[in-house]
Amino acid sequence: DGLEESLRHVRALSKGLVPVEVDSEGLMIALSELASRTSDLHDLNCSFECDEPVCVLDNQTAMHLYRLSQEAVNNAVKHGRGRNILISLADDSEWLTLKIEDDGRGFHTDNEPHSGSGLRIMRYRAELIGAKLSVGPAQPHGTIVTCLLPHHQPAGEPERSAQTA
């Protein structure tokens, strides 16, 4: 039984090495699997919501969004110690919106929230794809990470290859 449990953990971890399939729906599938694996591995409720299909045609952008989500989920598990994590993905005419929200302890005001390497990496990934990242308190408690990826670049800027349908 212990060996089977170990094999399940190894399979779940190895799946995280190349999580996003190279197709337009790969990000949605990968985020759904991240939520499922997190629930199984950490004995908590991690869920994924995506009301309408969100297609990311650029696999590099999808990979950065996935890794950003993975880091936010890991932070919620490790530091937030909440019991519920929600990963959500939405799309409208202006923005692709990725949110990771937990019901954990949230940020402590006596610590600089930008000092952790995980947050620096998330900000760097967002910057690489031209997205805006915010990290702050959720209500009534916990943390919410929001990544906004614009569909159109301002005039004079090169067009991004991240497109959604």
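These numbers come from a predicted model, not from an experiment.

I'd like a description of the state of the cysteines, backed by residues and values.
Taken as a whole, this structure holds zero disulfides when the rule is applied. The structure places no disulfide on cysteine 50, whose sulfur is separated from the nearest cysteine sulfur, that of cysteine 55, by 8.8 Å. Residue classification places cysteine 50 among the partly exposed positions, given a relative accessible area of 23%.

Lay out the side chain of histidine 64 in plain terms, naming residues and giving numbers.
Among the structural elements, histidine 64 can be located in helix 3 (residues 59–80). In contact with histidine 64, other than residues within four places in its own chain, are Arg125, Leu128 and Ile129.

Describe the packing of helix 2 (residues 26–42) against helix 3, listing the residues and the values that go with them.
Where helix 2 contacts helix 3, the axes come no closer than 10 Å and their chain directions differ by 20 degrees. Relative to helix 3, helix 2 is oriented roughly parallel. Two packed elements cross with a definite hand, and for helix 2 against helix 3 that hand is right-handed. Two secondary-structure elements touch here, helix 2 through Leu27, Ala30, Leu31, Leu34, Arg37, Thr38 and His42 and helix 3 through Ala62, Leu65, Tyr66, Ser69, Gln70, Val73 and Val77.

Any chance you could break down unusual backbone geometry for me, citing the residues and the numbers?
Cis geometry marks the peptide bond from glutamine 139 to proline 140, where omega comes out at 5 degrees. Positive phi, normally seen in glycine, also occurs at aspartate 43, with a value near 50 degrees. Along the chain, the position of aspartate 43 falls in the loop between helix 2 and strand 1 (45–49). A positive phi angle, close to 55 degrees, is found at arginine 81, a residue other than glycine. Judged by relative accessible area, which is 58%, arginine 81 ranks as exposed.

Reading the values: the criteria
- Residues numbered from 1 in each chain as written.
- Predicted model: local features only at pLDDT ≥ 70, side-chain atom pairs only at ≥ 80, totals over all residues.
- Heavy atoms only, no water.
- Disulfide = S-S within 2.5 Å.
- Buried < 20%, exposed > 50% of the residue type's maximum accessible area, 1.4 Å probe, protein only.
- Helix = DSSP H or I, 4+ residues; strand = E, 2+ residues; numbered from the N terminus.
- Contact = heavy atoms within 4.5 Å.
- Axes fitted to C-alpha atoms, helices over the stretch in contact; angles between N-to-C directions.
- Parallel < 35°, antiparallel > 145°, perpendicular 65-115°, else oblique.
- Left-handed = near helix turned anticlockwise from the far one by under 90°.

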